[in-house]
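# Summary of the model geometry
The chain contents come next:
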Amino acid sequence: MSDPFCFPLFRLHKGASRHIEYAERSFFMLAEKGKRVKVHYTGTLTDGTVFDSSRDREPLEFVLGAGQMIPGFDKGVEGMKVGEEKSLRLSPEDAYGERNDNLLFRVSSEALPEGYTPQEGDMLQVTTDKGFPMRVTVAEIAEEYLMLDGNHQLAGQELLFTVELVEVNENQ
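Heads up: these notes are all about the structure in this document.

Criteria and thresholds
- Residues numbered from 1 in each chain as written.
- Predicted model: local features only at pLDDT ≥ 70, side-chain atom pairs only at ≥ 80, totals over all residues.
- Heavy atoms only, no water.
- Pairing = 2+ DSSP bridges.
- Helix = DSSP H or I, 4+ residues; strand = E, 2+ residues; numbered from the N terminus.
- Axes fitted to C-alpha atoms, helices over the stretch in contact; angles between N-to-C directions.
- Phe/Tyr/Trp six-rings, centres within 6.5 Å; stacked < 30°, edge-to-face > 60°.
- Buried < 20%, exposed > 50% of the residue type's maximum accessible area, 1.4 Å probe, protein only.
- Lys NZ or Arg CZ within 6 Å of the ring centre and 35° of its normal.
- Polar contact = N/O pair within 3.5 Å; in protein donor to acceptor, adjacent residues only side chain to side chain.
- Contact = heavy atoms within 4.5 Å.
- 1 Å grid on protein atoms, 1.4 Å probe; cavity = no way out; pocket = protein on both sides within 12 Å on 5 of 7 lines; lining within 4 Å.
- Points joined across faces, edges and corners; volume = space filled by probe spheres on them.
- Nonpolar A, V, L, I, M, F, W, Y, C, P; charged D, E, K, R; others polar.

### What about the sheet that holds strand S7 (residues 133–141)?
Taken together, the four strands give an open sheet; going across it, the order is S5-S8-S7-S6, and neighbouring strands pair in antiparallel fashion. Strands with a single pairing partner mark the edges of an open sheet, and in this sheet they are strand S5 (104–108) and strand S6 (123–127). Mean inter-strand twist for the sheet, computed between neighbouring axes without regard to direction, equals 45°. Both S6 and S7 contribute to a ladder of five bridges, which runs antiparallel. Looking across to S7, one finds that threonine 127 is bridged to proline 133.

Right under this line is the structure:
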């Protein structure tokens, strides 16, 4: 028996009901650990400076809780519904951590590649004593040495994000 107050406004073509069912299921899905999600986001500093945004490109896709994102971002997206928009305020501990002075180190100017003239703010990749690659920023230039900073550029800062959950996929 059909509901007298529910009637079709249009006819579905063959297979369309399957697409509508998927769209409805996707719309009501929650972002949960282990699920692949897509989000649009804009990240700003507390002074309003935008440091990154996905609004002009494809949404960011990641597996929630897999350690692919900074911890506070993961926590903030968890439990969102598709279409929901949320504001996140992350402390340094939930973002890129506090600045660590142990990640500042001097390198002799003689160790620089021939023809390279460093400028403050240059991003370089160096190899650690244990053979691992590490991204650093030229923090200071002196006559006989460079001061390199291995901290993330956003370390020690409170970060603000506006996040919109675009899609949840149960399959990783």
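### So, the packing of aromatic side chains
Overall, the coordinates contain five aromatic pairs when judged by the stated rule. Ring geometry for phenylalanine 73 and phenylalanine 161: centres 5.1 Å apart, planes at 80°, overall edge-to-face. A residue pair is termed long-range when its members are at least 10 positions apart, and phenylalanine 73 in helix H2 (residues 71–77) and phenylalanine 161 in strand S9 (residues 159–169) qualify at 88 residues. The class of phenylalanine 161 is buried, set by a relative accessible area of 6%. Positioned above the aromatic ring of tyrosine 145 is the side chain of arginine 106, whose terminal nitrogen or guanidinium carbon lies 4.1 Å from the ring centre.

### Focus on the side chain of serine 54
For serine 54, the position within the fold is in the loop between strand S2 (50–53) and strand S3 (60–63). Look at serine 54 and you get buried, because its relative accessible area is 0%. A polar side-chain atom of serine 54 sits 2.9 Å from a polar atom in the side chain of histidine 40. Not counting residues within four places of it along the chain, the set of residues in contact with serine 54 comprises Val39, His40 and Tyr41.

### Quick word on the layout of surface pockets
Its boundaries defined by the atoms lining it, the largest pocket holds a volume of some 200 Å³. For the largest pocket, the full set of lining residues is Phe105, Val107, Ala111, Leu112, Pro113, Leu124, Gln125, Val126, Thr127, Thr128, Met134 and Leu148. At the level of elements, S5 and S6 are the ones that each hand at least two residues to the lining of the largest pocket. Element by element, the count of residues in the lining of the largest pocket is highest for S6, at four residues. Looking at the lining of the largest pocket residue by residue, the class counts come to nine nonpolar, three polar and no charged. Taken as a whole, the second largest pocket spans an internal volume of roughly 160 Å³. If you trace the second largest pocket, you find it lined by Tyr41, Phe51, Asp52, Leu60, Met69, Ile70, Phe73, Tyr96, Leu154 and Phe161. Broken down by class, the residue content of the lining of the second largest pocket amounts to nine nonpolar, no polar and one charged.

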